Amino acid sequence: METLSENRSFGGCQGVYRHTSEATGTEMTFGLYQPPQAEFGKVPVLWFLSGLTCTHENAMTKAGAQAFAARHGIAVVFPDTSPRGEGVADDESFDMGQGAGFYVDATEGPWAEHFQMRTYVAEELPRLVVDRFPIEKNRQSITGHSMGGHGALTLAMTLEDRFASVSAFAPMAHTTQSEWGQRQLAAYLGDDPAAHAKADATLLMRDVGFNGPVLVDQGTQDQFLDKLKPEALAEAIASKRQHGTFRMQPGYDHSYFFVSSFIEDHLAFHAAALLP
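Residues numbered from 1 in each chain as written. Predicted model: local features only at pLDDT ≥ 70, side-chain atom pairs only at ≥ 80, totals over all residues. Heavy atoms only, no water.

I keep staring at the side chain of T29 and nothing clicks. Help me out?
Mapped onto the elements, T29 comes out in strand 3 (residues 27-34). In contact with T29, other than residues within four places in its own chain, are L4, V16, Y17, R18, H56, P79 and D80. (Helix = DSSP H or I, 4+ residues; strand = E, 2+ residues; numbered from the N terminus. Contact = heavy atoms within 4.5 Å.)

What is the right way to read the packing of helix 2 (residues 65-72) against helix 10 (residues 256-274) from this model?
At their nearest, the axes of helix 2 and helix 10 sit 9 Å apart, and the two run at 30 degrees to each other. The pairing of helix 2 with helix 10 is recorded here as roughly parallel in orientation. The hand of the helix 2/helix 10 crossing is right-handed. Residue-level contacts link A65, F68, A69, R71 and H72 of helix 2 to I263, E264, L267, A268 and A271 of helix 10. Looking at the contact of helix 2 with helix 10 residue by residue, the class counts come to seven nonpolar, one polar and two charged. (Axes fitted to C-alpha atoms, helices over the stretch in contact; angles between N-to-C directions. Parallel < 35°, antiparallel > 145°, perpendicular 65-115°, else oblique. Left-handed = near helix turned anticlockwise from the far one by under 90°. Nonpolar A, V, L, I, M, F, W, Y, C, P; charged D, E, K, R; others polar.)

Teacher, can you tell me more about the nonpolar core here?
One broad rule of soluble globular proteins: the nonpolar side chains tend to lie buried together. Core analysis: the largest hydrophobic core is formed by 86 residues, its most contacted members being F30, F48, I142 and Y188. The greatest single-element share of this core, amounting to eight residues, is contributed by helix 10. (Core = buried A, V, L, I, M, F, W, Y, C linked by side-chain atoms within 4.5 Å. Buried < 20%, exposed > 50% of the residue type's maximum accessible area, 1.4 Å probe, protein only.)

For this particular structure, what's the right way to read helix 9 (residues 230-240)?
Residues that lie three or four places apart on an α-helix share one face, since the helix turns once every 3.6 residues. For helix 9, the set of buried residues is P230, A232, L233, A236 and I237. Projected onto a plane normal to the axis of helix 9, the buried residues spread over an arc of 160 degrees and lie on a single side. Residues of helix 9 that are exposed and point over 90 degrees away from its buried face: E235, A238 and S239. Elements that come into contact with the buried residues of helix 9 comprise helix 4 (147-158), helix 7 (201-207), strand 8 (214-219), helix 8 (225-228) and strand 9 (244-249). Just past helix 9, the residue R241 takes up positive phi, approximately 55 degrees. (Arc of directions from axis to C-beta.)

Structural data, given as structure tokens:
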């Protein structure tokens, strides 16, 4: 693994690292914030999954998580959103291909060769991070924004007992019923409805729910509300009687100004689940 940069931040270290991934067959880059408490022992970890077009860098530099992660003693991992590089399949549209992995394992060509993002985020990168850094394997939580919110919710509900808590900012909430999901899931996963259902947060919430607390924030002025379909997830949370909080935040849009406005709440929410 190659260290690309390490910078002091709120008493801890914000690093960027690159490694060869067996899951994707490409070089992958990720960010990792280690709070000051990591100098003295292992710390719990929060995964932050980013949205369409993002790399590891967007949330790392714009979400403002480091100050609150340092306060609570929680590490934060910022994975990339897809495999990249020459020879990696891509699409002309911004919402499919490189930068748009949707956190699924593609089964269809030309995507299947490299687009194994579920395996990468759920299996390979956690093993690497736990092995190389002072991270507690059994104390993990997950969050994400937009496509990353979809990824956080679907991974939390399908990886039983992995995460103590899950939260999301403006998640893609009902992918099987949205243009941000229908085309991409068909391309990546083929025509199997069961495979699509496992990548839909609303359907998973209705079916299995999450064994822990859930927090979702959604801006009322989000320019993508018709694609995100938050009302479907809110109804599913209520019908499942899920231990969760769904908040519509007046006046906020889809940007990182929205994410950074509520990141303190989300770090405190996860700290309550992760820390003694």
